[in-house]
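# Structure at a glance
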Amino acid sequence: MRGHLPAVQELMVAGVLREVPEYARPGDPVYRQVVEAAVVFAMEHLVRLIEDPDVSWKDVYQVYFDVGYGEAVEGRSLEHLQNAMRIASRTAWRYLAAEYQRLGRPLSLLSVMAEANFAYLDELSSAAAAGYRRAREKAAGEREQRRHRLLGLLLSEAPVPEGVVAEQAAMAGWPLPQRLAVIVLRPRPGSGGEGPSGLPPQVLAGLDGGRPCLVMPDPDGPGQAERLTGMLAGWSGAVGPAVPPGEARVSLHWARRALELPADPCGGDDAQRGGLVRAEERVADLLLEAGGRLTEIVAARRLEPLTRTRSRHGVRLAVTLLECLKNGFNATGAAAALHVHPQTVRYRLGQLHDLLGFDIEDPEIRLELMLLLQVWIRRDGELPEQPA
């Protein structure tokens, strides 16, 4: 066999380059050199192995490990390499079979050689597959690191130049969107602080102060709301407003604030009860929270007569007035929201006109009154279990 190696190796290389187009690149001699090296190492090692079964596999294993690694780096599947190995093996076997017949060697020896050939090919394939897996694992780790780095840049308190973000996004394989939204989730018991699994690759994931944090591109796109609800089913959290990538920290800020909002006094989803709070749907609440102590002082002064009553009836009056403001003082609409008779609403409005020292229907103070009523109900009132 050793005397025939140069001829059979040349046939094997020619067969691979002819039948595997991915390796036949006339303008790039590197591919031919890799094919030649792989063939030479394999055939010479096979002959040495026949001569001495204890010969080391180290060098030939490394060669095929590196070839498999290179396939992954080049972005190809193992299919082309496996095809090339089958073609090379078939070419060598045909050559050997013809020579054995020409020389009159016994068929039993051909059978043994065929078995050895298949076993040897399996070993080389295993080495290539190991190299391929190693490269993919390394690439996945590096990609994840780049995605975490990108998330950190997007959410940085200090502004980051657009060029730096765009470069990091390209390195992470993350197409930079026109707009994005930041989502902050409440850790669930037993989750170890980790967020939901199985997220689509376009969603960046990380932590914000120990809480799972996501960046979702194009949140206002078709079907995105449903997709978001589906992938975060069972989680509670808050979604910041959609902003350009350079303002992601703004979306994060309002997602954080929305996550801490108390329950809507007149109903609606909130992060405490489960589901997602959308900052854009709780603008009034967020503005009130930002006003802090100032809104509490003004609410206490404006609605002092309600505070003085310190009764459940006072709370009912406040809630009724809030619903009337929301419904443009349409008693029927407010009654439907409160589950009472319209006449009950009209009666309470009469009491409010008598109790408060200003015109509750004055358009100039409606917006302020809507905000202040929510603050008063949360701070000084206690919602009745059932409207009366």
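Worth saying up front: this structure is predicted, and the values here are computed from it rather than measured.

### Description of the overall build of the protein chain
- Regarding its fold elements, the protein chain presents 15 helices and 5 strands.
- Against the compact-globule benchmark of 21 Å for 388 residues, the protein chain has a radius of gyration of 36 Å, which places it well outside the compact range.
- In terms of its C-alpha atoms, the protein chain occupies a principal-axis envelope of roughly 120 × 45 × 35 Å.
- Within the protein chain, contacts between residues at least 6 apart in sequence are counted, and of these 71% link residues at least 24 apart.
- When the accessible surface of the protein chain is summed, it comes to about 21100 Å², and 53% of that surface belongs to carbon and sulfur atoms.

### Re the domain arrangement of the protein chain
- Under the domain assignment used here, the protein chain contains domain 1 (2-141), domain 2 (178-282) and domain 3 (309-381).
- The C-alpha centroid of domain 3 is placed 84 Å from the C-alpha centroid of domain 1.

### Concerning helix α10 (residues 293-302)
- Taken residue by residue, α10 has Thr295, Val298 and Ala299 as its buried positions. Projected down its long axis, α10 carries its buried residues within an arc of 100°, all on one side. With respect to the buried face of α10, the exposed residues turned more than 90 degrees away are Arg293 and Arg301.
- Against the buried residues of α10 lie α9 (283-291), α11 (304-309) and α15 (366-379).

### Quick look at unusual backbone geometry
- Located in the positive-phi region is Asp218, a residue other than glycine, with phi close to 45°.
- Inspection of the secondary structure puts Asp218 in the loop between β3 (211-217) and α7 (224-231).
- The partly exposed category is assigned to Asp218, whose relative accessible area is 37%.
- Phi at Phe329 is positive, roughly 60°, even though this residue is not glycine.
- By relative accessible area, which is 14% here, Phe329 ends up buried.

### Looking at the UniProt feature "domain: PucR C-terminal helix-turn-helix" (unreviewed entry) in the protein chain
- Per the UniProt record, "domain: PucR C-terminal helix-turn-helix" (unreviewed entry) is found at residues 318-374.
- Between the C-alpha atoms that bound residues 318-374 there is a distance of 9 Å. The span itself is 70% helix and 0% strand.

### Examining the packing of aromatic side chains
- Under the definition given, this model contains 2 aromatic pairs.
- A centroid spacing of 5.3 Å and a plane angle of 40° characterise the contact between Trp57 and Tyr120, whose relative ring orientation is tilted. Of this pair, Trp57 sits in the loop between α2 (29-51) and α3 (58-73) while Tyr120 is found in helix α5 (residues 107-154), placing the two residues 63 residues apart along the sequence.

### Some words on the sheet that holds strand β5 (residues 275-278)
- Strand order in the open sheet made by the 5 strands is β2-β3-β1-β4-β5, with mixed pairing throughout. Only two strands of the sheet have a single partner each, and these edge strands are β2 (204-208) and β5. In this sheet, neighbouring strand axes are inclined to one another by 25° on average, regardless of whether the strands run parallel or antiparallel.
- Looking at chain direction, β2 and β3 are connected through 5 bridges and run antiparallel. Directly across from Ala205, in β3, lies its bridge partner Leu214.
- Those strands touched by helix α8 (residues 248-259) are β1 (180-185), β2, β3, β4 (236-239) and β5, and its axis lies near 35° from that of β1.

### Things to note about the pattern of salt bridges
- Under the definition given, this model contains 11 salt bridges.
- For Asp208, the salt bridge is made with Arg256, and the minimal N-O distance between the two is 2.7 Å. Separated by 48 residues along the polypeptide, Asp208 in strand β2 and Arg256 in helix α8 bring together distant segments of the chain.
- Taking relative accessible area as the criterion, Asp208 reaches 9% and is therefore assigned buried.
- Overall, Arg256 belongs to the partly exposed group, its relative accessible area being 27%.
- Across the salt bridge formed by Lys326 and Glu323, the nearest N and O atoms sit 3.9 Å from each other. Taken as a pair, Lys326 and Glu323 lie in helix α12 (residues 312-326) at a separation of 3 residues, close to a single helical turn.
- Residue classification places Glu323 among the buried residues on the basis of a relative accessible area of 9%.

### As for the packing of α3 against helix α4 (residues 79-103)
- Two elements in contact, α3 and α4, have axes whose closest approach is 9 Å; the angle formed by their N-to-C orientations is 140°. Judged by the angle between their axes, α3 and α4 are oblique. On the side of α3, the interface is formed by Tyr64, Val67, Gly68 and Glu71, while α4 contributes His80, Leu81 and Met85.
- Split into classes, the residues belonging to the contact of α3 with α4 amount to 4 nonpolar, 2 polar and 1 charged.

### Topic: the environment of Ala97
- Structurally, Ala97 is set in helix α4.
- Residue classification places Ala97 among the buried residues on the basis of a relative accessible area of 18%.
- Remark: the alpha-carbon pair of Ala97 and Met113, spanning 16 residues in sequence, is separated by 9.4 Å.

### Details of α12
- With 15 residues, α12 ought to run about 21 Å at 1.5 Å a step, and its terminal C-alpha atoms sit 21 Å apart, in line with that.
- In terms of burial, α12 is a largely internal element, 12 of the 15 residues being buried.
- Along α12, the positions that sit buried rather than exposed are Gly314, Val315, Arg316, Leu317, Ala318, Val319, Thr320, Leu321, Leu322, Glu323, Cys324 and Leu325.
- Contact partners of the buried residues in α12: α11, α13 (331-338), α14 (342-355) and α15.
- A positive phi of about 60° marks Gly328, the residue just after α12.

Definitions and cut-offs
Once a new chain begins, its residue numbering starts again from 1 and follows that chain's sequence as written. In keeping with the predicted nature of the model, local features appear solely for residues at pLDDT of at least 70, side-chain atom pairs appear and are counted solely at 80 or more, and the whole-chain, interface and lining totals rest on all residues. The side-chain values count all of the structure's non-hydrogen atoms but skip hydrogen atoms and water molecules. The helix and strand labels rest on DSSP assignments: H or I over at least four residues marks a helix, E over at least two residues marks a strand, and numbering proceeds from the N terminus. The globule rule used here is 2.2 Å times the number of residues to the 0.38 power, and the radius of gyration it is set against is calculated over C-alpha atoms. Contacts were defined at the residue level, with two residues in contact if any of their heavy atoms lie within 4.5 Å. For the area figures, the Shrake-Rupley method with a 1.4 Å probe applies, and any residue is considered shielded solely by the protein chains shown. All the domain ranges listed were derived from an automatic or database domain assignment. Per-residue accessibility, obtained with a 1.4 Å probe over protein chains only, is compared with the maximum for each type, and a residue is labelled buried under 20%, exposed over 50%, and partly exposed between these values. When we speak of the arc, we mean the arc of directions from the helix axis to the C-beta atoms. UniProt positions are given in the numbering used here, feature names are shortened, and annotations may be inferred rather than shown by experiment. Pairing of aromatic side chains here covers Phe, Tyr and the six-membered ring of Trp, requires ring centres within 6.5 Å, and sorts the geometry by plane angle: under 30 degrees stacked, over 60 edge-to-face, intermediate tilted. DSSP calls a pair of strands paired once it identifies at least 2 bridges connecting them. Throughout, an axis means a line fitted to C-alpha atoms (over the contacting stretch in the case of helices), and angles, computed between N-to-C directions, take values from 0 to 180 degrees. Salt bridge criterion: a side-chain nitrogen from Lys or Arg within 4 Å of a carboxyl oxygen from Asp or Glu. Any angle between 65 and 115 degrees counts as roughly perpendicular, while under 35 counts as roughly parallel, over 145 as roughly antiparallel, and the rest as oblique. Polarity classes work like this: nonpolar for Ala, Val, Leu, Ile, Met, Phe, Trp, Tyr, Cys and Pro, charged for Asp, Glu, Lys and Arg, and polar for all others, with Gly in that last group. To estimate the expected span of a helix, subtract one from its residue number and multiply by 1.5 Å.

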